[in-house]
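Here is how the chains run, residue by residue.
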Amino acid sequence: PRELINKIARQGYLGALAPKAAGGMEMDMITFGLLNEELGRGCSSLRSLLTVHSMVAQTISRWGSRWQKERWIRRLATGADIAAFGLTEPNAGSDARSIETSATLSGDTYVLNGNKKWITFGQIADLFLIFAQCEGGPAAFLVEKMSPGLSVNPITNMLGARASMLAELRFQDCPVPRENLIGRPGFGVSHIASSALDCGRYSVAWGCLGLARACLEA
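The structure reproduced in this document is the subject of the present report. (Residues numbered from 1 in each chain as written. Predicted model: local features only at pLDDT ≥ 70, side-chain atom pairs only at ≥ 80, totals over all residues. Heavy atoms only, no water.)

Glancing now at the environment of Val143. For Val143, the location among the structural elements is in strand S5 (residues 137-144). Along the sequence, Val143 and Asp126 sit 17 residues apart, while their C-alpha atoms lie 8.6 Å from each other. In this structure, Val143 is in contact with Leu112, Asp126, Leu127, Phe128, Ile130, Leu150, Phe171, Cys174 and Val176, ignoring residues within four places of it in sequence. (Helix = DSSP H or I, 4+ residues; strand = E, 2+ residues; numbered from the N terminus. Contact = heavy atoms within 4.5 Å.)

The subject of this paragraph is the pairing of S5. Counting buried residues along S5, seven of its eight residues qualify, which places the element largely inside the surrounding structure. Relative to S5, strand S4 (residues 127-134) runs antiparallel, the two sharing eight bridges. The residue bridging Gln133 from the neighbouring strand is Pro138, located in S5. Turn length for the S4-S5 hairpin, with the two strands adjacent in sequence and antiparallel, is two residues, and the turn residue Gly136 shows positive phi of about 105 degrees. (Buried < 20%, exposed > 50% of the residue type's maximum accessible area, 1.4 Å probe, protein only. Pairing = 2+ DSSP bridges.)

Once that is clear, we can look at the packing of helix H2 (residues 29-42) against helix H3 (residues 44-63). If you want to describe how two helices pack, look at the angle between their axes and the distance between the axes. At a minimum axis distance of 6 Å, the contact between H2 and H3 shows a crossing angle of 150 degrees. Across the interface between the two elements, Phe32, Leu35, Asn36, Leu39, Gly40 and Gly42 from H2 touch Ser44, Leu46, Arg47, Leu50, Thr51 and Ser54 from H3. For the contact of H2 with H3, a count of residues per class yields five nonpolar, six polar and one charged. (Axes fitted to C-alpha atoms, helices over the stretch in contact; angles between N-to-C directions. Nonpolar A, V, L, I, M, F, W, Y, C, P; charged D, E, K, R; others polar.)

Turning our attention to helix H4 (residues 66-78). Over its 13 residues, H4 extends 19 Å from the first C-alpha to the last, a length consistent with the 18 Å expected when each residue adds 1.5 Å. The largest bend in H4 amounts to roughly 35 degrees and is located at Trp72. All of the buried residues along H4 are Gln68, Trp72, Ile73, Leu76 and Ala77. Packing partners of the buried residues in H4 comprise H3, strand S1 (83-86), S4, S5 and strand S8 (181-182). After H4 finishes, the residue Gly79 shows a positive phi value of roughly 85 degrees. (Expected span 1.5 Å × (residues − 1). Bend = angle between axes of the 7 residues up to and from the residue.)

What follows is the structure, given as structure tokens:
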């Protein structure tokens, strides 16, 4: 329910890793882990929102330009915008270097084409961190939900974590301003994706601990 998402936003949890100067909580990693354990104990899907949202917020904080930080960090920290992580594709999962989504530079705009699948909270996200192949190597882009050429298709009837609001993203000649590129081409997987996935795996591990604890208590 949206009200539940709004509630954890009001608690400041969506800004758990964001800088205090930008309205975040700037948690140390042990405190962040304990938060994930408690949320995971109650609802693994809700914990997954904290995971992917924090992955994007931390990525912008660490790798983003000054303009990108000013544009998005405060909105993510307060929950005004929801963020999702867009790496997995129909033919590429854990092997991030096999992604097929492409980004072609045309003037001051990158044009994205391809599909992303199993995107956690993709149904309601306002901002996506998208990885694509471009000249110079894999790259990472911030793509807003209302971008022309981007369509979001819900994925339903999952066996577990059914409230994770999974989606498939389709990019058809989707224009993304050059200033939405994070870092530079070639750093998309080796630096940006790898550091974001470190954060995500840490969050998931703590959440699984909470889930196991709930099972024992039940």
